[in-house]
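As a plain string of letters, each chain reads:
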Amino acid sequence: MSPSVSDADLSVCDREPIHLLGGIQPRGVLVAFRKDTEAVAVVSANAAALLGAGPDALVGQPLSRVLPHGLLARVEAGAGPGPVTVEVSGQRCSALLHDSDGLRVLELEPLSDEDAGAEETALSAVQRLVSPLARAKGTAALLQEAADAVREVIGYDRVMVYRFHADFHGEVLAESVREGVDSFMGLHFPASDIPVQARALYTRHPVRLIADVDAKVVGLVPPLLPGTQRPLDLSGAALRSVSPVHLEYLRNMGVGASFSVSLLKDGQLWGLMACHHLSPRKVSAARRQACEVLARLLSLQLAAEERGLEAAAQARRASLLNALVMPKLGERTPARALDAQAPLLMELTNAHGVALVLGASAGPEASPLLLGTTPSAEEVRALVAWLSERELPDDALHVDRLGDVYPPLASRADVAAGLLAVRLDPAVPHFALWFRPEVARTVSWAGNPHKPVRPEPGHERLRPRVSFDVWREETRGASLPWSSQDLEAARALKGALVGVVLRHAEELARLSRELARSNAELDAFGGTVAHDLKEPLRGILQYSSFLQEDFGPALGPDGRAQLEALTWLAKRTHGLLDDLFEYSRLGRLELSWEVTDQQALVEDVLTTLGARLEEGRVEVRLPRRLPTLACDAVRIRQVWANLISNAAKYQTAEPRWVEVGFLGPGETRTEAARHVTAPYLFYVRDPGIGIAPQFHEAIFELFRRLHPAQAYGGGSGAGLAIARRLVSLHGGALWVDSAPGRGSTFYFTLGEGPRS
């Protein structure tokens, strides 16, 4: 079995100087002369057959001694993209003129009687070629009509329309073939079949004829130019000789003659019309020109077809973007607005899934917005971290084999074989990510694409493959490639998202202004509560006291009981107003963070509650010293006081006790606390009456009591609501684990510090 050929070996083909091979095909004669003196500088070795003298006699002679009088003037007058018919030594010839290496290069191709007639009917040939194009509808039909028309004009056995893919491998999209000749329709050819320098020549010079693959090369005299010491550059010569590797390639295909015409789009090589004949066959310069005209018209029509499709796609994408940035979307958060538009976001780039990392979702632990079929949130966060460390050209990355560049998702080709990523903000890791799954495809190659050439045993020379039998290859792990329109749409969305975010910011600013006004009104209301509403209560309490002192004995037992009830109600209302005012102020509270010894804080609370605890015979247990961490000491003291006093209050059985403690980093946690990731978890535990599970959240509602107002020492029911609000302001959480008759454990955590 032949060894495989490495990329390094193939680079030899790419470096072959096919424009400096130093010879021409024998179907014509080449003469190169100096522009100033018109002295012959280079002539092909076969010159005698047409010019009557050999190279030794011609080099250095004035061109006027070589060619008939007035011939050069006629050629120069008609010089352009096409040939000029002239007569040399009684032989009608096609003459082509171009410049190279500071010389004027004249090519003369003798015409047969058939060719001479073709020269006169070149215009009708162009008409025969062009007419079918006007009838064709759609790219496939257009290419097929062109293939049929070209084969009719040049009489070749097979005409293929061959399009280059992004990696420059080619695919046969249309074919006109004589009955009995092998078809290559639908087959793919590796990029190495047409090397880099060959594609460059096809771009600059669109027509190439090899009339006989077995013809011997005709050398040039002198073989090297005196000034450059290299062969004459034949890039623009129609008679340029052919690389031996390419000739062997054609022989291996069973081809006797080859003719190709480039198809260009916007100046770039789009494809080729590749024509094969099983035996040698010339194509006259006029017919070659007719095919070139057809190719140019075909290229224009292909470009118009593609631009029409692109315009329709752009219009569709524009409507999608317009729907994505409608003003009403700004009334919601960007994430919620885009979540509602998931189908539009995916259709924008023909993706199967979208992941958006916006705003707060950019944090290392935050969840991105996932729409459609995507990797997991954790995988997306890791991918974003990787993207954030890369230099992205124009802040975008698109690959159709993500696993090749990002191995962690190599096994997720079912959802993320292809990735299109756009960085939304260079300062923070905000991204829009589109995903495509793999598309398993079977590609039919004309021969094994992994062995496009083979080494010659005992030599460094590479030889083209022998077999062009269909070789099928299944490709896995790749998505459909992203088009330039997909990338353009993704970048357009970046601007649209900025608009959504800006409108959201404007909405937040409006809400902030309204909130500031509401807060001012609430402060005014608080002042009313603190002064105007509490003033009558103070009067009621004062007059109740006067009545007790002055008329108590005269009121009798019932009257005194009613007066005491009035006093108690006034005091309770007074306390409720104080708690309401306190709770309303918490939303605007500015915390004063400092490193605080929680042990000292709890000991201070116990000193304050000492008399009440002693009266209720409540023992306070501290299993170990509490840690030190940052908080607002005044506010967290308030939390400790509320939790400890509540724990002492709701107990009926002896012994009565309250346990104050914490769970530190890495320590085993109870079932009720396993969901918490905070390093420190504080708790206050009691063996009291307990709370039914359905009331675990209700007890944190403002003024919500589960017992009569005067039971268990009374209270407004605002203490736990205020405590939870204070803990929340610290970035923590407060909750209870309890059951009737089994006591209660109140847990709370604190944040890591003030937010910058």
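Trainee: Even after reading the chapter, I still don't get the environment of Leu369, so can you show me in this structure?
Mentor: Mapped onto the secondary structure, Leu369 falls in strand 15 (residues 369-372). Expressed as a C-alpha distance, the spacing of Leu369 and Ala355, which sit 14 residues apart in the sequence, is 5.6 Å.

Trainee: Got a minute to help me understand the sheet that holds strand 16 (residues 396-399) in this structure?
Mentor: One key point about sheets: their strands pair by backbone hydrogen bonds, in either a parallel or an antiparallel sense. Strand order in this open sheet of five strands is 15-14-18-17-16, and the pairing throughout is antiparallel. A single partner strand is all that each edge strand has here, and the edge strands are strand 15 and strand 16. The average undirected angle you get between the axes of adjacent strands in this sheet is 10 degrees. Pairing of strand 14 (residues 353-357) with strand 15 involves four bridges; the strand directions are antiparallel. Residue pairing across strands places Ala355 opposite Leu370, the latter belonging to strand 15. Running over the sheet, helix 13 (residues 377-388) touches strand 14, strand 15, strand 16, strand 17 (418-425) and strand 18 (430-436) and is turned about 120 degrees from strand 18.

Trainee: I tried to follow empty space enclosed by the protein on my own but got confused; where do I start?
Mentor: Over the atoms, a rolled probe matching the size of one water molecule traces out where space is still vacant. What the rule picks out here adds up to three cavities of 30 Å³ or more. Looking at the largest cavity, its volume works out to about 220 Å³. Every residue lining the largest cavity is counted, 17 residues in all, and those nearest its centre are Ile194, His246, Tyr249, Ala274 and His276. Among the secondary structure elements, those contributing two or more residues to the lining of the largest cavity are strand 7 (158-164), helix 9 (244-252), strand 12 (257-265) and strand 13 (268-277). Tallied by class, the residues present in the lining of the largest cavity amount to twelve nonpolar, four polar and one charged. Here the second largest cavity is characterised by a volume of approximately 70 Å³. In terms of lining residues, the second largest cavity is bounded by Ile24, Gln25, Pro26, Ile210, Asp212, Val213, Ala215, Lys216, Val217, Ser241, Val242 and Leu247.

Trainee: Quick question: what am I supposed to make of a nonpolar patch on the surface here?
Mentor: On the surface, Val293, Leu297 and Leu300 cluster together into a nonpolar patch covering about 230 Å² of accessible area. On the secondary structure map, Leu300 appears in helix 10 (residues 285-324). Its relative accessible area of 58% is what places Leu300 among the exposed residues.

Trainee: Hey, could you run me through the nonpolar core in this one?
Mentor: One recurring pattern in soluble globular proteins: nonpolar side chains tend to sit buried together. The biggest cluster of nonpolar side chains holds 37 residues, and the ones touching the most others in it are Val639, Trp640, Leu643, Ile644, Phe746 and Phe748. Elements that contribute at least two residues to this core include exactly helix 17 (598-608), strand 25 (628-631), helix 19 (633-649), strand 26 (656-663), strand 27 (681-686), helix 20 (719-729), strand 28 (734-738) and strand 29 (744-748). Residue contacts for Trp640: discarding those within four places in its chain leaves Gln598, Leu601, Val602, Val605, Leu626, Val660, Phe682, Tyr683, Val684 and Phe748. Among the nonpolar cores identified, the runner-up in size contains 26 residues, and Leu143, Ala146, Val261 and Trp270 belong to it.

Trainee: Sorry if this is basic, but what is going on with the pattern of salt bridges here?
Mentor: Close approach of charged atoms allows side chains with opposite charge to pair. This model, assessed by the stated rule, comprises 21 salt bridges. Two residues, Glu109 and Arg288, come together in a salt bridge whose shortest N-O distance is 2.7 Å. Remark: Arg288 occurs in helix 10 and Glu109 occurs in strand 6 (residues 103-110); sequence separation between them is 179 residues. The exposure classification of Glu109 matches that of Arg288, with both residues buried.

Trainee: Whenever I open this one, the sheet that holds strand 26 confuses me. Can you help?
Mentor: One open sheet accounts for five strands, arranged 24-26-27-29-28; its pairing is mixed. Two strands lie at the open edges of the sheet, namely strand 24 (618-621) and strand 28, each paired on one side alone. Along the sheet, successive strands turn relative to each other by an average axial angle of 15 degrees, direction set aside. Summarising the sheet, strand 26 and strand 27 pair through five bridges and their orientation is antiparallel. Its bridge partner lying in strand 27, Val660 is registered against Val684. Against the sheet, helix 19 touches strand 24, strand 26, strand 27, strand 28 and strand 29, its axis set at about 25 degrees to strand 27. The sheet strands contacting helix 20 are strand 28 and strand 29, and the helix crosses strand 28 at an angle near 130 degrees.

Here is what the cut-offs are and how they apply
Residues numbered from 1 in each chain as written. Predicted model: local features only at pLDDT ≥ 70, side-chain atom pairs only at ≥ 80, totals over all residues. Heavy atoms only, no water. Helix = DSSP H or I, 4+ residues; strand = E, 2+ residues; numbered from the N terminus. Pairing = 2+ DSSP bridges. Axes fitted to C-alpha atoms, helices over the stretch in contact; angles between N-to-C directions. Contact = heavy atoms within 4.5 Å. 1 Å grid on protein atoms, 1.4 Å probe; cavity = no way out; pocket = protein on both sides within 12 Å on 5 of 7 lines; lining within 4 Å. Points joined across faces, edges and corners; volume = space filled by probe spheres on them. Nonpolar A, V, L, I, M, F, W, Y, C, P; charged D, E, K, R; others polar. Patch = residues over 30% accessible without salt bridge, like charges linked within 9 Å, V, L, I, M, F, W, Y side chains within 5 Å. Areas by Shrake-Rupley, 256 points an atom, 1.4 Å probe, with all protein chains shown as cover. Salt bridge = Lys/Arg side-chain N within 4 Å of Asp/Glu carboxyl O. Buried < 20%, exposed > 50% of the residue type's maximum accessible area, 1.4 Å probe, protein only. Core = buried A, V, L, I, M, F, W, Y, C linked by side-chain atoms within 4.5 Å.

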